[in-house]
Amino acid sequence: MKLINKYIGLTLLSGALLTSCSDSFLQRDSLTESSSSTFWQTPNDAMMALTACYDGLQSNQLYNSDQYSLGPLYMDCISDNGGHFNWSGWMEGYDMAMGIHNPSSSVIGSYWKDCYEVISRCNLLIANIDRVSMSKEDIACYKAEAITIRALMYINLTTTYQDVPYLTEPLTLENSECEKSTREHIVGAVMADLKTIATDLPPTAALGRITRGACYALLGRMALYNEKWDEAIAAYKEVQKLGYSIDPSYADLFTTKGQNSSEIIFSVRYEGPGKDEGAAFNAHWNTPLEAMNGTIDLADAYYVANTGEKTTDTNYGEMTDGKLDVSKPNAAHFANRDPRLYTTLFVPGMKWNGKGGEGNWYGGAAASFSTVYVMKYFDPTDTGNSWDNGQDFYVVRYAEVLLSLAEALVQKGGYDESAVMSLINEVRQRADVDMPRVQDVEGTGLTKDALLDIIKHERRVELAFEGLRLFDVYRWKELDKAVANIEKERTSLGLGYEARQYNGERDYVWPIPTGELDTNKALLQHELWK
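Residues numbered from 1 in each chain as written. Predicted model: local features only at pLDDT ≥ 70, side-chain atom pairs only at ≥ 80, totals over all residues. Heavy atoms only, no water.

(A) Up close: the packing of helix H7 (residues 212-225) against helix H12 (residues 398-412). At a minimum axis distance of 11 Å, the contact between H7 and H12 shows a crossing angle of 40°. Seen along the crossing, H7 lies across H12 with a hand that is left-handed. Across from Ala-217, Arg-221 and Leu-224 in H7, the residues of H12 making contact are Glu-400, Val-401, Ser-404, Glu-407 and Ala-408. Partitioning the contact of H7 with H12 into residue classes produces 4 nonpolar, 1 polar and 3 charged. (Axes fitted to C-alpha atoms, helices over the stretch in contact; angles between N-to-C directions. Helix = DSSP H or I, 4+ residues; strand = E, 2+ residues; numbered from the N terminus. Left-handed = near helix turned anticlockwise from the far one by under 90°. Contact = heavy atoms within 4.5 Å. Nonpolar A, V, L, I, M, F, W, Y, C, P; charged D, E, K, R; others polar.)

So this is what it looks like as structure tokens:
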């Protein structure tokens, strides 16, 4: 059985293990201190506590979903990659996509709570594992795993809420009210932690467990997101030494066939059906999932296969009274594209488990308001188990590492253009993608901005619907551009999208949840949200 599921049947969610698991991680009446005189004694106790840390990542807000909660795929629906167009108003995060969210919005409170739940579990292990009778090496490794998982949560929190409470020990009744720490302070502390514990982690481990590669990759991500180019470069180069490689098949990678790939650096593991540990982030019925749409803007980011250039075709289908008739799309518009398009999106002309084509463009689903549905991670051949399946979610892939390294090198300056292009080409020329090399399409001697645009584009098409696009749009300060692109798509084609608006700098920081402000009087709302 997969590691993180091994002890789920045990009482790892007892008061002896968790410091908080109710509506607010700072609620005084939710705190239960680890006072058991019999726990923290054996290696089995330590494994149960570590399993609780990993189990927290399976939250519907973080790396799973029940189709109404946020989850990693729906995170992209807040960006220019997708939307909740057919089910607008039902899905968590739709108000943020529209720019009408507020501190009481469901997504604001839920994401905060679940990130801190994981942090709480990690802090409990770190504070108590020295009491366990096991080798110093195993104790150091378990601590390092928990510190790395905690770091992932702080990457998420500092990229969204920015300044947040920085908790590194279990909460007690005495310290339950916590002030915010600055993003800068948290970033520095987290990066220092990861540098310190990296060598306590093994280069390889059982699938689903944190390795040295995962630690360095997340160190690189934190550095990249905070424009610490030298430290990002150093971290990503450490990952390169550890034997990861680009999988030859992008099409198979996002299926259960790809879970053991040497490209996967860290995944949240699932096991199903029938084991109460299955994934549902990729759930569907016997047709494409109507709750999540891709955008035409994303589809057109997948360039023509043989030229590597953006399509010039603008015939998306039959227009009636200035509106695109989504029941009559132009399948030819989506033909002969970068093969990653057909793994990532379900576009007219594709078939869903044999269903599709003329007169049934959407494989039995209602016509997509954008003419596009999402395909990545979805398995049309297994409709019976899709709400309880064994598909892992990939938190970090080697492709991200290579593209991030390329970006950091260019941002730092003084780079070797051929080396940067080689990193990009390694990703875009995997065997079943084989897009033209950058230099064959764009030439050489490019400006820094031109090269960065190529890297940004490559990140978008390679990593779409992996929960990273919104973070990229935030850190590049391109949310205004993203909103404008989707609004242009909606209005020019007369599509039934949720209208979006950009509210300026405020939209780059999530507000502190109302519930947290009510509970913790030491917390202050962000200036932009007062």
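(B) Main features of the layout of surface pockets. Roughly 370 Å³ of internal volume is contained in the largest pocket. Contributing to the lining of the largest pocket are 15 residues, with His-457, Arg-460, Arg-469, Lys-481 and Asn-485 lying nearest its centre. Of all the secondary-structure elements, those providing two or more residues to the lining of the largest pocket are helix H15 (448-463) and helix H17 (479-493). Top contributing element to the lining of the largest pocket by residue count: H15, with 4 residues. Partitioning the lining of the largest pocket into residue classes produces 4 nonpolar, 2 polar and 9 charged. (1 Å grid on protein atoms, 1.4 Å probe; cavity = no way out; pocket = protein on both sides within 12 Å on 5 of 7 lines; lining within 4 Å. Points joined across faces, edges and corners; volume = space filled by probe spheres on them.)

(C) Here's a closer look at helix H1 (residues 43-56). In a regular helix each residue adds 1.5 Å, so 14 residues correspond to 20 Å; H1 covers 20 Å between its end C-alpha atoms and thus fits that length. Within H1, burial applies to Asp-45, Ala-46, Met-47, Met-48, Ala-49, Leu-50, Thr-51, Ala-52, Cys-53, Tyr-54, Asp-55 and Gly-56. Packed against the buried residues of H1 are helix H4 (106-128), helix H5 (136-160) and strand E2 (264-268). (Expected span 1.5 Å × (residues − 1). Buried < 20%, exposed > 50% of the residue type's maximum accessible area, 1.4 Å probe, protein only.)

(D) Molecular detail of the packing of helix H8 (residues 229-240) against H12. Orientation of H8 relative to H12, taken along the N-to-C sense of each, is 145°, at an axis distance of 9 Å. Between H8 and H12 the crossing geometry is left-handed. Contacts between H8 and H12 involve Trp-229, Asp-230, Ala-232, Ile-233, Tyr-236, Lys-237, Val-239 and Gln-240 from the first element and Tyr-398, Val-401, Leu-402, Ser-404, Leu-405, Ala-408, Leu-409, Gln-411 and Lys-412 from the second. In terms of residue class, the contact of H8 with H12 is made up of 11 nonpolar, 3 polar and 3 charged.

(E) Quick look at the nonpolar core. By size, the foremost hydrophobic cluster in this structure holds 169 residues, and its most contacted members are Tyr-63, Leu-125 and Trp-510. In terms of residue count, H5 provides more of this core than any other element does, 13 residues in total. Sequence-distant contacts of Tyr-63, defined by excluding residues within four places in its chain, comprise Leu-57, Pro-72, Leu-152, Met-153, Asn-156, Val-268, Tyr-270, Phe-281, Phe-393 and Val-395. (Core = buried A, V, L, I, M, F, W, Y, C linked by side-chain atoms within 4.5 Å.)

(F) Spotlight on the pattern of salt bridges. Scanning the model with the defined rule gives 37 salt bridges in all. Salt-bridge contacts for Asp-392 lead to Arg-269; the nearest nitrogen and oxygen are separated by 2.8 Å. With Asp-392 in the loop between strand E9 (373-374) and strand E10 (393-397) and Arg-269 in the loop between E2 and strand E3 (293-294), the pair connects residues that are 123 residues apart, well separated along the chain. Relative accessible area serves as the criterion here: at 8%, Arg-269 is assigned to the buried category. Glu-462 is the partner of Arg-430 in a salt bridge, and the nearest nitrogen-oxygen pair spans 2.9 Å. Pair noted here: Arg-430 is in the loop between helix H13 (417-428) and helix H14 (438-442) and Glu-462 is in helix H15, with a separation of 32 residues, a long-range link. In this pair, the class of Arg-430 matches that of Glu-462, namely buried. (Salt bridge = Lys/Arg side-chain N within 4 Å of Asp/Glu carboxyl O.)

(G) Looking closely at empty space enclosed by the protein. For the structure shown, the criterion picks out 4 cavities of 30 Å³ or more. Tyr-63, Asn-156, Glu-466, Gly-467 and Phe-471 are, among the 14 residues lining the largest cavity, the residues nearest its centre. At the level of secondary structure, the elements contributing two or more residues to the lining of the largest cavity comprise helix H2 (71-75) and E10. Looking at which element gives the most residues to the lining of the largest cavity, the answer is E10, with 3 residues. Taken together, the residues that form the lining of the largest cavity break down as 10 nonpolar, 2 polar and 2 charged. Estimated volume of the second largest cavity: approximately 90 Å³. Contributing elements (two or more residues each) for the lining of the second largest cavity: helix H3 (94-98) and H17. The greatest single-element share of the lining of the second largest cavity, amounting to 3 residues, is contributed by H3.

(H) Broad picture of the side chain of Asn-128. Looking at the element boundaries, Asn-128 is found in helix H4. Residue Asn-128 is classed as buried on the basis of its relative accessible area, which comes to 10%. Within the structure, the side chain of Asn-128 is placed 2.8 Å from the side chain of Arg-131, a separation counted as a polar contact. (Polar contact = N/O pair within 3.5 Å; in protein donor to acceptor, adjacent residues only side chain to side chain.)

(I) The confidence of the model for the chain, seen in detail. Predicted confidence across the chain gives a mean pLDDT of 91, with 93% of residues reaching 70 or more. A low-confidence stretch, residues 1-35 (pLDDT under 50), is modelled with 101 contacts involving residues beyond four sequence positions or located in other chains. (pLDDT = per-residue confidence, 0-100.)

(J) Examining the pairing of strand E4 (residues 317-320) more closely. The pairing of E4 with strand E5 (residues 323-329) spans 3 bridges and is antiparallel. Pairing of Thr-320 across the sheet is with Lys-323, part of E5. In sequence, E4 turns back onto E5 through a hairpin of 2 residues, with Asp-321 there showing a positive phi of about 55°. (Pairing = 2+ DSSP bridges.)

(K) Representation of the packing of aromatic side chains within the structure. In this structure the tally under the stated criterion is 28 aromatic pairs. Look at Phe-254 and Tyr-394: their rings are 5.9 Å apart centre to centre, the planes differ by 45°, and that puts the pair in the tilted class. Residue Phe-254 is located in the loop between helix H9 (250-253) and E2, and its partner Tyr-394 is located in strand E10; the two are separated by 140 residues in the primary sequence. Note on Tyr-394: relative accessible area 1%, which makes it buried. Measuring from ring centre to ring centre gives 5.1 Å for Phe-281 and Tyr-377, while their planes differ by 90°; the resulting arrangement is edge-to-face. (Phe/Tyr/Trp six-rings, centres within 6.5 Å; stacked < 30°, edge-to-face > 60°.)

(L) Structural view of the state of the cysteines. Summed over the entire model, instances satisfying the criterion amount to 0 disulfides. In this structure Cys-53 is a free cysteine whose sulfur lies 3.8 Å from that of Cys-122, the closest cysteine sulfur available. Sulfur of Cys-141: no disulfide; nearest cysteine sulfur belongs to Cys-215 and is 11 Å away. Judged by relative accessible area, Cys-141 falls into the buried class, the value being 13%. (Disulfide = S-S within 2.5 Å.)

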